[in-house]
Amino acid sequence: MPLTRLIVQQFRNIKACDIELSTGFNFLIGPNGSGKTSVLEAIYLLGHGRSFKSSLTGRIIQNECDELFVHGRFLNSDQFELPIGINKQRDGTTEVKIGGQSGQKLAQLAQVLPLQLIHPEGFDLLTDGPKFRRAFIDWGVFHTESAFFDAWGRFKRLNKQRNALLKTARSYRELSYWDQEMARLAESISQWRSDYIEQMKVVAEQICREFLPEFDIQLKYYRGWDKDTPYQEILEKNFERDQSLGYTFSGPNKADLRIKLNGTPVEDVLSRGQLKLMVCALRVAQGQHLTQVTKKQCIYLIDDFASELDSQRRSRLAECLKATGAQVFVSSITESQIADMRDDNGQVFHVEHGKIEQG
Ligand SMILES: Nc1ncnc2c1ncn2[C@@H]1O[C@H](COP(=O)(O)OP(=O)(O)OP(=O)(O)O)[C@@H](O)[C@H]1O
Ligand SMILES: [Mg+2]
């Protein structure tokens, strides 16, 4: 759901910014260190309650200030403009306000502003450990299955309790009561994830074929334990191993999305530009699938758009994003790099020393 206005105060090098946004493309143009990524980071904070660059609030609040504010207005599904805002203080206090109501939860921010971030460090989705791909899957499940958020939170709490119990338990009987609920949750979580991947991969495979026609992509969900054994049985069977490890080895917290191209892991095959295209394809696919299922539009944040991509690939990505009809924020050092993407609906902002001016 697009933002129509953005107000950022005391965030990194941005002292104060108040801009009217396009519901189509918004371009942030400026030299190194001017504040382009910081604007994207501020929007991300508004949708997630945290930064994508630092987990320390003190790093994102402007030096010598005690708090930061990111406010805005967004269009809801009935095209009504509503206010949204987050305030963070140095002691970690966070306040979220949506539609004039205070005390809202961070998960509600995510419901209102589904975001897809594409940035230069985003290759970790393809090249690093499974936690990045789990986060990718769970973004989609969170937005399409309303019971997921609570079930996953409850599973994580039970898993923590189980790991503590493993250290003291003398026999499996001491765990079996807890394991019943953990197994029930694990089976549901896994089913939702699997259903989500099955549906979303149709869109993803199609976009990947457009972006990387030379490869045949395969996406396969791994649920985190043997596919033929109920989770309850796994927990019981692996009790001794889990006890010697001091934690529960198998489960939905080990799930992964295995991505192969012509049968080979992606990181062994793709160049850096191709990796970027693949990340873009997967993220755009998630956004498109979200719109198909829920009618919600997500907002795309694309940091350092031009890096790694030649002009032909840049145009292809731009066309694909335009076709989604979604709101897009693009940062770039020069205007020439975004020339292909500009249209009458687009809005250019010049960023310099933390000042953002409409161009
Ligand atoms: N807490 C803070 N308070 C004040 N300034 C900060 C803070 N954190 C970072 N900065 C500064 O804010 C600027 C933010 O830069 P940002 O990453 O947004 O630049 P950019 O325009 O994306 O540059 P590039 O093109 O190099 O990616 C940097 O100059 C950085 O030193
Ligand atoms: Mg930057």
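Residues numbered from 1 in each chain as written. Chains lettered and ligands numbered in written order. Predicted model: local features only at pLDDT ≥ 70, side-chain atom pairs only at ≥ 80, totals over all residues. Heavy atoms only, no water.

S.K.: When you look at the site of ligand 1 in this model, what are you seeing that I'm missing?
M.R.: Residues in close proximity to ligand 1 total 15 residues, the closest being Gly33, Lys36, Thr37, Ser38 and Ile61. Contact between ligand 1 and threonine 37: an oxygen atom at 2.7 Å from a side-chain N or O atom of the residue. Take isoleucine 61: an N or O atom from its main chain is 2.9 Å from a nitrogen atom of ligand 1. With the chains in place, 68% of the 660 Å² that ligand 1 exposes on its own is no longer accessible. No other element matches the three residues that helix α1 (residues 36-48) contributes to the shell around ligand 1. (Near = heavy atom within 4 Å. Polar contact = N/O pair within 3.5 Å; in protein donor to acceptor, adjacent residues only side chain to side chain. Areas by Shrake-Rupley, 256 points an atom, 1.4 Å probe, with all protein chains shown as cover. Helix = DSSP H or I, 4+ residues; strand = E, 2+ residues; numbered from the N terminus.)

S.K.: Even after reading the chapter, I still don't get α1, so can you show me in this structure?
M.R.: Think of an α-helix as turning once every 3.6 residues; residues three or four places apart then point the same way. Compared with an ideal rise of 1.5 Å per residue, which puts 13 residues at 18 Å, α1 spans 18 Å between its outermost C-alpha atoms and is within 8% of the ideal. Where burial is concerned, most of α1 is hidden: 12 out of the 13 residues are buried. Residues of α1 that are buried: Lys36, Ser38, Val39, Leu40, Glu41, Ala42, Ile43, Tyr44, Leu45, Leu46, Gly47 and His48. (Expected span 1.5 Å × (residues − 1). Buried < 20%, exposed > 50% of the residue type's maximum accessible area, 1.4 Å probe, protein only.)

S.K.: It is not clear to me how the domain arrangement of the protein should be interpreted in this structure. Could you clarify?
M.R.: It is common to give the size of an interface as the accessible area lost on bringing the parts into contact. When the domains of the protein are assigned, the result is domain 1 (1-114 + 296-359) and domain 2 (123-295). One C-alpha centre belongs to domain 1, the other to domain 2; they are set 28 Å apart. Listed as interface residues are 20 residues of domain 1 and, on the opposing side, 22 residues of domain 2. Taken together, the two surfaces of domain 1 and domain 2 that pack against each other cover about 1,700 Å², and 65% of this comes from carbon and sulfur. Its largest share of buried area at the contact with domain 2, domain 1 owes to Lys296, Glu308 and Arg316, together 33% of the area lost on that side. There are one salt bridge connecting domain 1 and domain 2. (Domains from an automatic or database assignment. Contact = heavy atoms within 4.5 Å. Buried area = accessible area lost by both parts, 1.4 Å probe. Salt bridge = Lys/Arg side-chain N within 4 Å of Asp/Glu carboxyl O.)

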